[in-house]
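Here are the chains, one letter per residue:
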Amino acid sequence: MIKIIACHKKYSLTLIILNLLFLYHSYSIFKFRVPVLLFHEVKPTATPQNQALLPKKLYNILKLIDEKGYSTMFPGDTVVFDEKKVILSFDDGTRDHFEVVMPMLNISKKQGLFFWVNQQVDALTSSQKEKLLRFSKNHRIGVHTNKHEALLTTTHSAKAIKNELMSSKHGLEGFFKYPINSFAFVKGIFDQGSAQIAQGIFDYNFTVEYDYFYPFDKGLHGRMIIFPETTLDEISRYMDSSRPHKELSFYTLCFLICFLNLMFFGLLVNKKEAA
Ligand SMILES: [Zn+2]
């Protein structure tokens with residue numbers, strides 16, 4: 001009898017631990033995440049050397065987004081769990097962004113989040129500036145520092161990092177005439193100190209870690225870098241993985257944990273009847 005009780009206790013404890021692990025896993029599975037694609041230059045003169053994408057490649061990616069039933073969003077937009085949303089982000093503020101990318105997005109009725117470097121805006125002619133303002137109307141701008149400089153507390157004082165981010169933000173807000181609340185770390189380089197400072201200034205902070213945007217999370221957000229060699233299949237898999245609650249492996253795990261619980265309670269009932 002004592003042996004049976006000890007055995008029961010051991011099994012119940014294991015089952016409780018398994019159930020708790022499953023609940024914790026389910027919490028991460030149901031955490032709403034949005035895929036974020038990170039592009040750099042897109043131009044007809046793309047070569048393997050400049051690592052730019054050909055416009056045709058962007059066209060195919062936009063087509064894939066449509067085929068998969070996704071639509072674009074900005075950080076801060078109201079979203080409902082399980083909505084098929086994607087963020088298209090473009091770093092470095094190069095001329096092709098308003099000459100090639102924005103017109104393409106406008107035609108396909110998609111919106112992009114463009115992280116501009118202030119120096120790049122300053123270098124434009126007045127007609128290019130006018131074009132940028134005109135084509136970026138449906139899109140959103142984010143900060144990417146004044147001179148495309150990686151900010152670390154080992155190389156910059158906290159005050160210098162704060163000044164850099166604030167002046168970059170105010171500079172772009174002055175040009176685009178609306179509040180800017182997104183920031184992308186240059187080359188994805190940051191440390192705990194610089195991340196804390198950025199998070200104190202911007203609502204949405206992006207790295208280049210292979211991860212997602214978590215709309216209900218105040219932490220750093222990841223992205224998938226699109227290289228010229230990145231395939232549509234890889235992008236498709238990244239987008240699908242943003243919905244882990246739809247994957248077969250999760251249903252298999254649910255079935256397994258239910259089966260174990262039922263088996264244990266079945267055993268318990270049998271033992272009680274036998275006693
Ligand atoms: Zn950059």
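Residues numbered from 1 in each chain as written. Predicted model: local features only at pLDDT ≥ 70, side-chain atom pairs only at ≥ 80, totals over all residues. Heavy atoms only, no water.

*Asks:* Requested: an account of the packing of helix H2 (residues 55-67) against helix H3 (residues 96-107), with residues and values cited.
*Replies:* It is at 11 Å that the axes of H2 and H3 come closest, and there the two elements cross at 25 degrees. The angle between H2 and H3 falls in the class roughly parallel. Helix-helix and strand crossings are classified by hand; for H2 and H3 the assignment is right-handed. Here Pro-55, Leu-58, Tyr-59 and Leu-62 of H2 lie close against H3, whose contacting residues are Val-100, Val-101, Met-104 and Leu-105. When the residues that make up the contact of H2 with H3 are grouped by side-chain class, the tally is 8 nonpolar, no polar and no charged. (Axes fitted to C-alpha atoms, helices over the stretch in contact; angles between N-to-C directions. Helix = DSSP H or I, 4+ residues; strand = E, 2+ residues; numbered from the N terminus. Parallel < 35°, antiparallel > 145°, perpendicular 65-115°, else oblique. Left-handed = near helix turned anticlockwise from the far one by under 90°. Contact = heavy atoms within 4.5 Å. Nonpolar A, V, L, I, M, F, W, Y, C, P; charged D, E, K, R; others polar.)

*Asks:* Go over the packing of aromatic side chains with me, naming the residues and quoting the values.
*Replies:* Under the counting rule described, the total for this entry stands at 15 aromatic pairs. For the ring pair Phe-32 and Phe-81, a centre distance of 5.8 Å and an interplane angle of 65 degrees mean the geometry is edge-to-face. Within this pair, whereas Phe-32 is found in the loop between helix H1 (2-29) and strand S1 (36-39), its partner Phe-81 is found in the loop between strand S2 (71-72) and strand S3 (85-91), the two being separated by 49 residues in sequence. Judged by relative accessible area, which is 8%, Phe-32 ranks as buried. The class for Phe-81 is partly exposed, based on a relative accessible area of 36%. Connected via pairs of aromatic rings, a cluster forms that spans Phe-115, Tyr-204, Phe-206 and Phe-213. (Phe/Tyr/Trp six-rings, centres within 6.5 Å; stacked < 30°, edge-to-face > 60°. Buried < 20%, exposed > 50% of the residue type's maximum accessible area, 1.4 Å probe, protein only.)

*Asks:* Which residues make up a nonpolar patch on the surface, and what values do they have?
*Replies:* Residues Leu-13, Ile-17, Leu-18 and Leu-21 make up a contiguous nonpolar surface patch of roughly 370 Å² in combined accessible area. Note that Leu-13 resides in helix H1. (Patch = residues over 30% accessible without salt bridge, like charges linked within 9 Å, V, L, I, M, F, W, Y side chains within 5 Å. Areas by Shrake-Rupley, 256 points an atom, 1.4 Å probe, with all protein chains shown as cover. Salt bridge = Lys/Arg side-chain N within 4 Å of Asp/Glu carboxyl O.)

*Asks:* Which residues make up the coordination of the zinc ion, and what values go with them?
*Replies:* Donor atoms from the polypeptide that coordinate the zinc ion comprise Asp-92 (OD), His-144 (NE2) and His-148 (NE2), at 2.0 to 2.2 Å from the metal. One chain supplies every donor to the zinc ion, and in sequence these donors are spaced D-x51-H-x3-H. With a gap of 52 residues between them, Asp-92 in the loop between S3 and H3 and His-144 in the loop between strand S5 (140-143) and helix H6 (158-176) connect regions that are remote in the sequence. Accessibility expressed as a relative area gives 19% for Asp-92, which makes it buried. (Donors = N, O, S within 2.8 Å, 3.2 Å for Na, K, Ca; no water.)

*Asks:* Describe the packing of H2 against helix H8 (residues 232-240), naming the residues involved and giving the relevant values.
*Replies:* Between H2 and H8, the shortest axis-to-axis distance is 11 Å and the interhelical angle comes to 35 degrees. Judged by the sense of rotation from one axis to the other, the crossing of H2 with H8 is right-handed. Residues Asn-60, Ile-61, Leu-64 and Ile-65 of H2 pack against Leu-232, Ile-235, Ser-236 and Met-239 of H8. Counted by class, the contact of H2 with H8 contains 6 nonpolar, 2 polar and no charged residues.

*Asks:* Describe the domain arrangement of the chain, listing the residues and the values that go with them.
*Replies:* Domain annotation for the chain reports domain 1 (1-32 + 245-275) and domain 2 (34-241). Here domain 1 and domain 2 have C-alpha centroids that lie 44 Å from each other. Taken together, the 6 residues of domain 1 in the interface contact 13 residues of domain 2. Across the domain 1/domain 2 interface, buried area totals approximately 750 Å², and carbon plus sulfur atoms make up 65% of it. (Domains from an automatic or database assignment. Buried area = accessible area lost by both parts, 1.4 Å probe.)

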